[in-house]
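# Structural characterization, general
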Amino acid sequence: TGGGDGVVKVWDRETLALECSLTGHRGGVLALVADEVHTVFSGGTDGTVRVWDLQLGACRRTLLGRSDVLSLALAPAVVAVGYASGEIHLVDRLSYEIVQVLFASPHPVFCLDI
């Protein structure tokens, strides 16, 4: 889960107990997506996407954006990031380089799916 305090909380799927709290965002967390391994991507009002390693309980990478991150979606090779500016960035999941920028709308990108 993520909220206005900027903390990402990871919960056990079976017991529903809190496993860990991940801190680092300087604003609210608006978007979360997780892969099947041990990686969580979070996006927030600080304009960043944080890449969390759940085995380490730490932020592995911070990706800087242009405006609030409102939505995230995962594909095998990329993570799609939807911004309040209306842009969508496709980011390579290995290099974390932006591979494509889409100008979806002059309005915020509230949801994504790949």
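Placed above this text is the structure.
What comes next is a walk through the structure. (Residues numbered from 1 in each chain as written. Predicted model: local features only at pLDDT ≥ 70, side-chain atom pairs only at ≥ 80, totals over all residues. Heavy atoms only, no water.)

## Points about the nonpolar core
- Ranked by size, the top nonpolar core spans 13 residues in total, and within it Phe41, Val49, Val69, Leu72, Val81, Val91 and Tyr96 carry the most contacts.
- Those elements giving two or more residues to this core turn out to be strand 3 (29-34), strand 5 (48-53), strand 7 (69-74) and strand 8 (78-83).
- Among the elements that line this core, the one with the most residues is strand 8, at three residues.
- The next biggest cluster of nonpolar side chains, apart from the first, holds six residues, and it includes Leu22, Val29, Val40 and Trp52. (Core = buried A, V, L, I, M, F, W, Y, C linked by side-chain atoms within 4.5 Å. Buried < 20%, exposed > 50% of the residue type's maximum accessible area, 1.4 Å probe, protein only. Helix = DSSP H or I, 4+ residues; strand = E, 2+ residues; numbered from the N terminus.)

## Some points on the side chain of serine 67
- Within the fold, serine 67 resides in the loop between strand 6 (58-64) and strand 7.
- Residues within four places of serine 67 in sequence aside, it is in contact with Gly47, Tyr83, Ala84 and Ser85. (Contact = heavy atoms within 4.5 Å.)

## Observations regarding the sheet that holds strand 7
- Overall, antiparallel pairing links the four strands, which are arranged 7-8-9-10 in an open sheet. Each edge of the open sheet carries a strand with a single partner, namely strand 7 and strand 10 (98-103). Taking each pair of neighbouring strands and ignoring which way they run, the sheet shows an average axis angle of 20°.
- As judged from the five bridges shared by strand 8 and strand 9 (residues 87-92), these two strands associate in the antiparallel manner. Bridging across to strand 9, glycine 82 finds its partner in isoleucine 88. (Pairing = 2+ DSSP bridges. Axes fitted to C-alpha atoms, helices over the stretch in contact; angles between N-to-C directions.)

## Remarks on the environment of leucine 64
- Tracing the sequence through the fold places leucine 64 in strand 6.
- In the structure, leucine 64 is positioned 18 residues away from aspartate 46 in sequence and 8.9 Å away in space, judged by C-alpha atoms.

## Some details on the sheet that holds strand 5
- Strand order in the open sheet formed by four strands is 3-4-5-6, with antiparallel pairing between adjacent strands. Either end of the sheet is taken by a strand with one partner, and the two such strands are strand 3 and strand 6. Each strand of the sheet is rotated relative to its neighbour by a mean of 20°, with strand direction disregarded.
- Looking at chain direction, strand 5 and strand 6 are connected through six bridges and run antiparallel. Directly across from valine 49, in strand 6, lies its bridge partner leucine 63.

## Concerning the pattern of salt bridges
- Overall, the coordinates contain three salt bridges when judged by the stated rule.
- For arginine 93, the salt bridge identified is with aspartate 35, shortest N-O distance 3.1 Å. Of this pair, arginine 93 sits in the loop between strand 9 and strand 10 while aspartate 35 sits in the loop between strand 3 and strand 4 (39-44), and the two are 58 residues apart along the sequence.
- In this structure aspartate 35 comes out as buried when scored by relative accessible area, which is 16%.
- The closest approach of N and O atoms between arginine 66 and glutamate 87, which form a salt bridge, is 3.2 Å. Highlighted residues: arginine 66 in the loop between strand 6 and strand 7 and glutamate 87 in strand 9, separated in sequence by 21 residues. (Salt bridge = Lys/Arg side-chain N within 4 Å of Asp/Glu carboxyl O.)

From the geometry alone we can't say anything about function, so treat these as descriptive.
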